[in-house]
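# Commentary on secondary and tertiary structure
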Amino acid sequence: MSRTGTAFLISLIVATAAGAEVTAGLEGSEDRGLGFLTWAHPIPVGSDEAIVPWITASYLWYRSFASGGETEVRAPGLGAGVLYRWRPGPRLALAIGPGYEYRWARRHLPGGAEIADDGGGAVFHGSLGYLISARTQLAASANYYGASEWIWSRASVRQEITPSLRAGPEIGYQGNDEVRVREIGGIVEIPYGRNWVFVRAGQAREDYGGGREQTRPYFSAGISRAF
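The rules we used
- Residues numbered from 1 in each chain as written.
- Predicted model: local features only at pLDDT ≥ 70, side-chain atom pairs only at ≥ 80, totals over all residues.
- Heavy atoms only, no water.
- Helix = DSSP H or I, 4+ residues; strand = E, 2+ residues; numbered from the N terminus.
- Polar contact = N/O pair within 3.5 Å; in protein donor to acceptor, adjacent residues only side chain to side chain.
- Contact = heavy atoms within 4.5 Å.
- Core = buried A, V, L, I, M, F, W, Y, C linked by side-chain atoms within 4.5 Å.
- Buried < 20%, exposed > 50% of the residue type's maximum accessible area, 1.4 Å probe, protein only.
- Salt bridge = Lys/Arg side-chain N within 4 Å of Asp/Glu carboxyl O.
- Phe/Tyr/Trp six-rings, centres within 6.5 Å; stacked < 30°, edge-to-face > 60°.

Tracing the backbone through its elements, the reader meets Asp 207 in strand S14 (residues 195–208). A polar side-chain atom of Asp 207 sits 2.9 Å from a polar atom in the side chain of Arg 182. Within the local environment of Asp 207, its side chain forms a polar contact with the side chain of Arg 205, the two groups lying 3.5 Å apart. Apart from residues no more than four positions distant in its own chain, Asp 207 is found in contact with Glu 178, Val 179, Arg 180, Arg 182, Arg 212 and Glu 213.

Have a look at this one:
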């Protein structure tokens with residue numbers, strides 16, 4: 001990148017940092033999980049539209065089981081992209097956009113050998129929010145991470161119980177060809193100041209490529225802050 005381009009990028013980050021959103025989360029079990037830290041900044045382009053550049057650092061890990069034994073995959077990654085946010089009406093909010101990520105993956109094979117499986121791939125994010133009533137919201141999202149071929153999707157109905165508490169049922173699916181996870185449970189959101197704390201819990205059915213299946217509780221937590 002040229003000096004002019006670098007200076008412009010730094011100036012843009014400094015100028016827009018005050019409106020940034022930072023989200024961090026961690027979820028999973030002893031056999032799989034995902035942790036992430038995302039910086040995003042909405043840039044209004046109209047009364048009900050915004051362009052949202054984002055940058056994410058994440059860490060994906062999972063185990064796959066086959067007749068030859070257990071393989072463990074650990075894959076830290078970096079990604080960036082842009083979302084288009086649109087509110088076509090007072091009840092509906094949409095977001096959609098592409099990105100790119102690179103993962104430094106390591107496969108630990110049953111015999112003790114380690115294989116580097118580094119690579120990049122396209123990322124796709126999509127989400128929908130619909131206000132069913134003044135205190136009830138439907139939320140759904142679908143995400144694809146090409147470097148690990150990982151799909152991550154969720155849908156929930158969230159009810160405002162008090163101004164400082166929202167909760168409701170949630171279902172989810174995530175995984176790739178080596179592990180598939182189906183979740184059914186609930187989500188609790190607690191706002192305080194410019195922050196949102198969210199907690200998810202329930203039962204997860206985990207199907208592994210080698211034919212192993214198990215059902216166990218899952219738990220995840222995270223925080224989102226607007227600056």
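Our next topic: the nonpolar core. Ranked by size, the top nonpolar core spans 18 residues in total, and within it Trp 54, Leu 60, Tyr 62, Tyr 145, Trp 150, Trp 152 and Val 179 carry the most contacts. Of all the secondary structure elements, the ones that give two or more residues to this core are strand S2 (32–40), strand S4 (49–66), strand S5 (69–86), strand S11 (150–162), strand S13 (179–192) and S14. No other element matches the five residues that S4 contributes to this core. With residues near it in sequence (within four places) discarded, Trp 152 still touches Glu 27, Leu 34, Phe 36, Ser 141, Ala 142, Asn 143, Tyr 145, Tyr 173 and Gln 174.

Here Glu 27 is to be found in strand S1 (residues 21–29). Side-chain polar atoms of Glu 27 contact the side chain of Arg 154, separated by 2.5 Å. In this view, Glu 27 contacts Arg 32, Gly 33, Leu 34, Trp 61, Trp 152, Arg 154, Gln 174, Glu 183, Phe 219 and Ser 220; residues no more than four positions away in its chain are not counted.

This brings us to the pattern of salt bridges. Taken as a whole and judged by the stated rule, the model has 24 salt bridges. Residue Arg 106 is joined to Glu 114 by a salt bridge in which the shortest nitrogen-to-oxygen separation is 4.0 Å. Assessed through its relative accessible area of 27%, Arg 106 is described here as partly exposed. The residue Asp 117 makes a salt bridge to Arg 107 at a minimum N-O spacing of 3.3 Å. With Asp 117 in the loop between strand S8 (114–116) and strand S9 (119–133) and Arg 107 in strand S7 (residues 106–108), this pair connects stretches of sequence that are ten residues apart.

In this section: the packing of aromatic side chains. Counting across every chain of the model gives four aromatic pairs. Between Phe 36 and Trp 152, the aromatic rings sit 5.9 Å apart at their centres with planes inclined by 65°, giving edge-to-face as the arrangement. With Phe 36 in strand S2 and Trp 152 in strand S11, this pair connects stretches of sequence that are 116 residues apart.

The next thing to look at is the environment of Tyr 84. Looking at the element boundaries, Tyr 84 is found in strand S5. For Tyr 84 and Ala 95, which are eleven residues apart along the polypeptide, the C-alpha to C-alpha distance reads 5.4 Å. A distance of 2.4 Å separates a polar atom in the side chain of Tyr 84 from a polar atom in the side chain of Glu 49.

These figures come from the coordinates and say nothing about function on their own.
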